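# Examining the three-dimensional arrangement
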Amino acid sequence: KEIAARYIHKNSARADGPFVMLNCAILNPERIEIELFGHEENGVIHQGVLERSDGGTLLLDEVADMPLENTSASSASSQTPSRSSSISWLGPLKRE
């Protein structure tokens, strides 16, 4: 899957953007939101994979093997993605 995804990315209009892969099977239920959306720690913003892959490709690998606890946590916190062109942080502007 990864080889096919990298090939598609390389030959797409987003080839100049980042290729980010997240192995969902190894995520702890407590970390799913942090990995997807990022977090702020000591005034520093740590980007999640959604923001890091902006303008490129995000491969969510092994979603079928994701622990069941994660699926309810992510569906409870996820909303329909917006089509806005930017992500806005509320808080300090320091980035990792």
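Residues numbered from 1 in each chain as written. Predicted model: local features only at pLDDT ≥ 70, side-chain atom pairs only at ≥ 80, totals over all residues. Heavy atoms only, no water.

## Concerning the overall build of the chain
Rule in force here: Each helix is a run of H or I in the DSSP string that is no shorter than four residues. Each strand is a run of E no shorter than two, and both are numbered from the N terminus. For this analysis, residues touch if any pair of their heavy atoms sits within 4.5 Å. Calculation of accessible area relied on Shrake-Rupley with a 1.4 Å probe; when residues are assessed, cover is drawn exclusively from the protein chains displayed.
Scanning the chain from terminus to terminus reveals four helices and five strands. Listed by position from the N terminus, the elements making up the chain come as α-β-α-β-β-α-β-α-β. In the chain, of all internal contacts separated by at least 6 residues, the share reaching a separation of at least 24 is 75%. Entry remark: accessible area of the chain is about 6900 Å², with carbon and sulfur atoms responsible for 54%.

## With respect to the nonpolar core
Defined as follows: Among buried residues, those of type Ala, Val, Leu, Ile, Met, Phe, Trp, Tyr and Cys that are joined through side-chain atoms within 4.5 Å constitute a nonpolar core. Here's how the labels work: a residue is buried when its accessible area is under 20% of the maximum for its type, exposed when over 50%, partly exposed in between, all with a 1.4 Å probe on protein chains only.
Membership of the largest hydrophobic core is limited to eight residues, which are Val 20, Leu 22, Cys 24, Leu 27, Ile 32, Leu 36, Val 49 and Met 66. Residue assignment for this core shows that the elements contributing at least two residues are strand E1 (19-23) and helix H2 (32-37).

## Quick word on the environment of Pro 18
When you line up the elements, Pro 18 lands in the loop between helix H1 (2-10) and E1. Counting along the chain gives 40 residues from Pro 18 to Leu 58, while the straight-line C-alpha distance between them is 8.3 Å. Ignoring sequence-local partners within four residues, the contact set of Pro 18 consists of His 9, Arg 52, Ser 53, Asp 54, Gly 55, Gly 56 and Thr 57.

Everything listed here is a matter of coordinates, which is why it stays silent on function.
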